[in-house]
Amino acid sequence: MIRLVFVYIHVLGAAVWIGGLAYAILVLNPVLRSFPAGESVPEADWPTTRKEIERAAGRRFHWVKWTAIVALLATGAALLAMTPMVGRKGVFLAVKVSLALLMVFLTWFHHAWLGPWARRLAADDPWYASSRIALRWLARATLIAGLIVVGLGLALGLGIAA
């Protein structure tokens with residue numbers, strides 16, 4: 001029964017993190033980029049700029065994302081301790097854990113270093129455009145790794161990796 005609870009929390013955490021990242025990359029950011037960076041958003045009920053919306057959404061998702069990551073790490077460690085790492089299953093688990101840790105590192109790097117650095121740059125700074133591109137590609141790399149981790153998790157859960 002405890003394994004079922006851990007699996008449920010683990011899957012829920014993955015859905016929140018990967019789903020939120022996919023939504024931001026595929027929906028929110030492209031819509032926001034269609035508006036000028038410094039002007040008020042047209043037809044909005046409140047006078048706010050694209051950058052303010054990006055920052056507010058980022059701050060809100062920050063706590064949701066890191067809560068999901070902590071839940072994933074805790075339940076993942078517990079589930080790993082309950083699972084024998086032998087044969088093909090061990091290889092799948094090792095790759096899954098390695099990619100998951102890479103995702104955590106990329107997310108931390110985005111949040112702790114690259115994001116703050118990019119926010120300090122003025123729009124006329126020569127590094128501004130490059131920093132925005134780097135942030136987008138870092139998020140995309142994290143999403144791709146996450147989708148692979150989900151696929152490996154499904155293979156493990158369905159017994160394909162046995």
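One can find the structure itself at the top, above this paragraph.
Bear in mind the structure is a predicted one, so any value in this text is a computation, not a measurement.

The rules we used
Residues numbered from 1 in each chain as written. Predicted model: local features only at pLDDT ≥ 70, side-chain atom pairs only at ≥ 80, totals over all residues. Heavy atoms only, no water. Helix = DSSP H or I, 4+ residues; strand = E, 2+ residues; numbered from the N terminus. Expected span 1.5 Å × (residues − 1). Polar contact = N/O pair within 3.5 Å; in protein donor to acceptor, adjacent residues only side chain to side chain. Contact = heavy atoms within 4.5 Å. Axes fitted to C-alpha atoms, helices over the stretch in contact; angles between N-to-C directions. Parallel < 35°, antiparallel > 145°, perpendicular 65-115°, else oblique. Left-handed = near helix turned anticlockwise from the far one by under 90°. Nonpolar A, V, L, I, M, F, W, Y, C, P; charged D, E, K, R; others polar.

Colleague: I'd like a description of helix α4 (residues 128-157), backed by residues and values.
Modeller: Under the 1.5 Å per step criterion, the end-to-end length of α4 is 43 Å for 30 residues, consistent within 8% with the ideal 44 Å. Following α4 by one or two positions, Gly 159 has its phi on the positive side, about 80°.

Colleague: Break down the side chain of Thr 142 for me, citing the residues and quoting the values.
Modeller: Inspection of the secondary structure puts Thr 142 in helix α4. Here Leu 138 takes part through its backbone oxygen, which lies 2.9 Å from a polar atom of the side chain of Thr 142. Once residues lying within four places of it in the same chain are set aside, the contact partners of Thr 142 are Trp 17, Leu 21, Met 103, Leu 106 and Thr 107.

Colleague: Can you lay out the packing of helix α1 (residues 2-33) against helix α3 (residues 87-120) for me, pointing to particular residues and giving the numbers?
Modeller: Two numbers describe how α1 lies on α3: the axes approach to 14 Å, and their chain directions differ by 45°. Taken together, α1 and α3 sit at an angle that is classed as oblique. Classified by chirality, the crossing of α3 by α1 is left-handed. Residues His 10, Trp 17 and Ile 18 of α1 lie in contact with α3, whose contacting residues are Lys 96, Met 103, Val 104 and Thr 107. Here the contact of α1 with α3 is composed, by residue class, of four nonpolar, two polar and one charged.

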